[in-house]
Amino acid sequence: VHGILENADVQLKEALSQLRHLQEGIELDAGELAELEAQLSHWHELSRKHRVTLDQLQGKSTELDAELESLRNAGTKETQLNDALLAAHKAWRNAAQTLRSERLRAADALSETVTGLLAELGMAGGRFAVELEDNPESLPQSHGLERCEFMVSANPGQPLRALRKVASGGELARISLAIEVATLGSDPVPTMVFDEVDAGIGGAVAETVGRKLRALGGRCQVLAVTHLAQVASFGNRHLRVAKQTDGEATESQVIPMLGSDRIHEIARMMGGKVLTPQTLAHAETMLEHGQT
């Protein structure tokens, strides 16, 4: 072991002597070293500025070159874009003018038809109109040159006012029904819900409401909440909504009416809890009449 250590000591001393000799032979150019340090400092500064690492600087440079190239001839591209914008605006205005003409024609027809239906639905003297208001925005809008407002007068002598502001719940339901009947076949909505469409009406008007709902039901699914037997008798299917309580909790139940249950429910709606043979016979006749 002693011999191995002595041999290693000799080799290390020889290597150290050679390294010193090499070190003494290296001549450093102070100017070149300063230039390299300045370049390295500049690279570090660029990496901080662009928030990338040193090895990502080349990729960032390529990215900036591509962006610069895309900005060349920007003046020509701007002119092309302005020309395209003017052409698009002209096309939009032509289409909007055509749409305006069609709207004016459709507005008159819809106003006349709905006004006539309102009288049938118990709003005699009521008026309906479609008002076209110029679009206040200077930029082109997807809905054209104007916006549409539904106007209504529920009673004779009253001025037309915006439907969204003046109609009560029952009136709104009947006006909606009139609009849907007037546009039968044009509305793609698959399901319609009418809540309390029979509010404030009865007799022949209620029967008319029922017939209009049934007409809509021939094109789409119609759900109507009603307390009138005249309206309910026109339904293809009947569901009874009732509340039950055990004294602590209350729950609502939806019960399908099938077979004779439909007759009994129509009779209950007409005559109350006590169902006489006459009431049941009348209910059966109403159902038969409503299904024809």
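Source: prediction; values computed, not measured. (Residues numbered from 1 in each chain as written. Predicted model: local features only at pLDDT ≥ 70, side-chain atom pairs only at ≥ 80, totals over all residues. Heavy atoms only, no water.)

**Things to note about the environment of valine 52**
What counts is decided by this rule: Secondary structure counts use DSSP, requiring at least four H or I residues in a row for a helix and at least two E residues in a row for a strand, with both numbered from the N terminus. Exposed residues in this analysis have more than 50% of their type's maximum accessible area, buried residues have under 20%, and partly exposed residues fall in between, with area computed by a 1.4 Å probe over protein chains only. We call two residues in contact when some of their heavy atoms are within 4.5 Å.
The topology assignment puts valine 52 in the loop between α2 (30-50) and α3 (57-71). The buried category is assigned to valine 52, whose relative accessible area is 19%. Each residue touching valine 52, except ones within four places of it in the same chain, is listed here: Ser47 and Leu57.

**Let's talk about a nonpolar patch on the surface**
This is how the line gets drawn: Two distance rules govern patches: like charges are joined within 9 Å, and nonpolar side chains (Val, Leu, Ile, Met, Phe, Trp, Tyr) within 5 Å, applied only to residues with over 30% relative accessible area and no salt bridge. With residues, only the protein chains shown are counted as cover, and all accessible areas are computed by Shrake-Rupley using a 1.4 Å probe. A side-chain nitrogen of Lys or Arg and a carboxyl oxygen of Asp or Glu constitute a salt bridge if their distance falls within 4 Å.
On the surface, Leu40, Trp43 and Leu54 cluster together into a nonpolar patch covering about 270 Å² of accessible area. Structurally, leucine 54 can be placed in the loop between α2 and α3. Judged by relative accessible area, which is 38%, leucine 54 ranks as partly exposed.

**Side note on the packing of helix α6 (residues 169-182) against helix α7 (residues 203-217)**
Defined as follows: Axis geometry follows a simple rule: fit a line to the C-alpha atoms, using only the stretch in contact for helices, then measure angles between N-to-C directions, giving values from 0 to 180 degrees. Orientation is classified from the angle alone, with under 35 degrees giving roughly parallel, over 145 giving roughly antiparallel, 65 to 115 giving roughly perpendicular, and any other angle giving oblique. When the near helix sits turned anticlockwise from the far one by under a right angle, the crossing is termed left-handed; a clockwise turn instead gives a right-handed crossing. Three classes are used: nonpolar for Ala, Val, Leu, Ile, Met, Phe, Trp, Tyr, Cys and Pro, charged for Asp, Glu, Lys and Arg, and polar for all others, with Gly counted as polar.
Direction vectors running N to C along α6 and α7 enclose 45°, while the axes themselves pass 10 Å from each other. In terms of orientation, α6 lies oblique with respect to α7. For the crossing formed where α6 meets α7, the hand is left-handed. Counted together, Leu177, Glu180 and Val181 of α6 and Val209, Lys212, Leu213 and Leu216 of α7 form the full contact between these two elements. Classifying every residue of the contact of α6 with α7 by side-chain character gives five nonpolar, no polar and two charged.

**What about the pairing of strand β2 (residues 146-153)?**
Note the threshold: Strand pairing is assigned whenever DSSP detects at least two bridges linking the two strands.
Note: strand β1 (residues 127-134) against β2, eight bridges, orientation antiparallel. Bridge assignment links aspartate 134 to a residue of β2, and that residue is glutamate 146.

**A short note on the packing of aromatic side chains**
Stated formally: Stacked, edge-to-face and tilted labels apply to pairs of Phe, Tyr and Trp rings (six-membered ring for Trp) whose centres lie within 6.5 Å, assigned for plane angles under 30 degrees, over 60, and everything in between, in that order.
Applying the stated rule across the entire model yields one aromatic pair. Each ring, one from phenylalanine 128 and one from phenylalanine 150, has its centre 5.2 Å from the other, and the planes form 65°; the classification is edge-to-face. Here the residue phenylalanine 128 occupies a position in strand β1, and phenylalanine 150 occupies one in strand β2, the gap between them amounting to 22 residues. The buried category is assigned to phenylalanine 128, whose relative accessible area is 3%. Judged by relative accessible area, phenylalanine 150 falls into the partly exposed class, the value being 30%.

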